[in-house]
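Report on the structure
Listed here are the chains, written in short residue letters.
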Amino acid sequence: MKNNMRKKAAARKYALLSVCSVCCFLLIWQFSTDVFHFFDPTTLPSPVTVLQTFFDKFTNTKPDGATLQVHTLESMKVALSGYFIGVVIGVPLGIAMAWFKPVDYFVTPLFDLLRPVPGIAWLPVMIVLFGIGLLSKAMVIFLSAFIACVINSYSGIKHTKPVHLWVGQTFGASNLQLLFKIAIPTALPMIFTGLKVALGASWNALIAAELLAATKGLGFMINQARGIYRPDIILVGMITVGITGAVLGWIIERIQRIFIKQE
């Protein structure tokens, strides 16, 4: 009982510190722009101006042809499409590479060639193959997410303690039983770390792709605002990217707690 009370008190304290850090940042920003005028409002608008623009974009389609929620949903559709494909292919492949040596020897040379190439570097190729629609951007995001999932799943399986496998073998477990009953449960923390890293890589690749090849989306909105010198809209886009990414990351954390018991 006392431990639970201490944990709740610590959680409240850390939450208060987090709120204070955000408030301090906003105050410094507000004083730097509207009070002391360290920055020109046309270069760095105040947080009040950005907040007004944020709510205005929910109903105003100017200057980029769509509201904020339309851009956000378009970006999420593209990002999650590529992300889920990367997860569905990358996690099983990483596990198979780590557990089955023939798969490792067969896939690793090609994977080592692909791994150093940033996902966004594939964008020109994808545009040539698929145009500037959903598929080309989803494939770029897939490559970014896929690499992170493979690496972390592979590392998680490889970090399985030999003594655990030896105990399983002693009790007569088959190779597949060792994989599904011991190796994969042990690797789950690393696999979920890969899912989080892949999510961040997906958002990075998405915004970069939308800056170059899109007609809707947060990256497109930011790029259009840059062209007409609207820093308030640029900041609204950046904040929306941050909020959306944080929410998706929180969802993965919730799923992780379901599969992995944490003290």
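Everything numeric here is computed off the predicted structure, so don't read it as measured data.

A few points about the packing of helix H4 (residues 101-114) against helix H6 (residues 134-158)
- Between H4 and H6, whose axes approach to 12 Å, the crossing angle comes to 135°. By the angle class used here, H4 and H6 are oblique. As for the relative orientation of H4 and H6, their crossing is left-handed in sense. Residues Asp104, Phe111 and Leu114 of H4 form the contact with H6, whose participating residues are Phe146, Ile147, Val150, Ile151 and Tyr154.
- For the contact of H4 with H6, a count of residues per class yields seven nonpolar, no polar and one charged.

Some thoughts on the domain arrangement of the chain
- As assigned here, the chain comprises domain 1 (1-38) and domain 2 (46-259).
- Taking only C-alpha atoms into account, the centre of domain 1 sits 29 Å from that of domain 2.
- Between domain 1 and domain 2, the contact holds five residues from the first and five residues from the second.
- For domain 1, the biggest contributors to the area lost against domain 2 are Trp29, Gln30 and Asp34; these three give 83% of the whole.
- For the pair domain 1 and domain 2, the interface holds zero salt bridges.
- Our count for the contact surface shared by domain 1 and domain 2 stands at one residue pair in polar contact (both at pLDDT 80 or more).
- Its residues assigned to classes, the side of domain 1 that touches domain 2 shows two nonpolar, two polar and one charged.

A short note on the state of the cysteines
- Evaluation of the coordinates by the stated rule reveals zero disulfides.
- As a non-bridged cysteine, cysteine 20 has cysteine 24 as the owner of its nearest cysteine sulfur, 6.3 Å distant.
- With relative accessibility at 37%, the residue cysteine 20 sits in the partly exposed group.
- For cysteine 24, a relative accessible area of 46% corresponds to the partly exposed category.

Description of the pattern of salt bridges
- By the definition in use, this model includes five salt bridges.
- For glutamate 253, the salt bridge goes to lysine 196, with nearest N and O atoms at 3.0 Å. Pair noted here: glutamate 253 is in helix H10 (residues 231-259) and lysine 196 is in helix H8 (residues 175-212), with a separation of 57 residues, a long-range link.
- With its nearest N and O atoms 2.9 Å apart, the salt bridge here joins arginine 230 to aspartate 232.
- The class for arginine 230 is partly exposed, based on a relative accessible area of 32%.
- Residue classification places aspartate 232 among the buried positions, given a relative accessible area of 10%.

Criteria and cut-off values
Residues numbered from 1 in each chain as written. Predicted model: local features only at pLDDT ≥ 70, side-chain atom pairs only at ≥ 80, totals over all residues. Heavy atoms only, no water. Axes fitted to C-alpha atoms, helices over the stretch in contact; angles between N-to-C directions. Helix = DSSP H or I, 4+ residues; strand = E, 2+ residues; numbered from the N terminus. Parallel < 35°, antiparallel > 145°, perpendicular 65-115°, else oblique. Left-handed = near helix turned anticlockwise from the far one by under 90°. Contact = heavy atoms within 4.5 Å. Nonpolar A, V, L, I, M, F, W, Y, C, P; charged D, E, K, R; others polar. Domains from an automatic or database assignment. Buried area = accessible area lost by both parts, 1.4 Å probe. Salt bridge = Lys/Arg side-chain N within 4 Å of Asp/Glu carboxyl O. Polar contact = N/O pair within 3.5 Å; in protein donor to acceptor, adjacent residues only side chain to side chain. Disulfide = S-S within 2.5 Å. Buried < 20%, exposed > 50% of the residue type's maximum accessible area, 1.4 Å probe, protein only.

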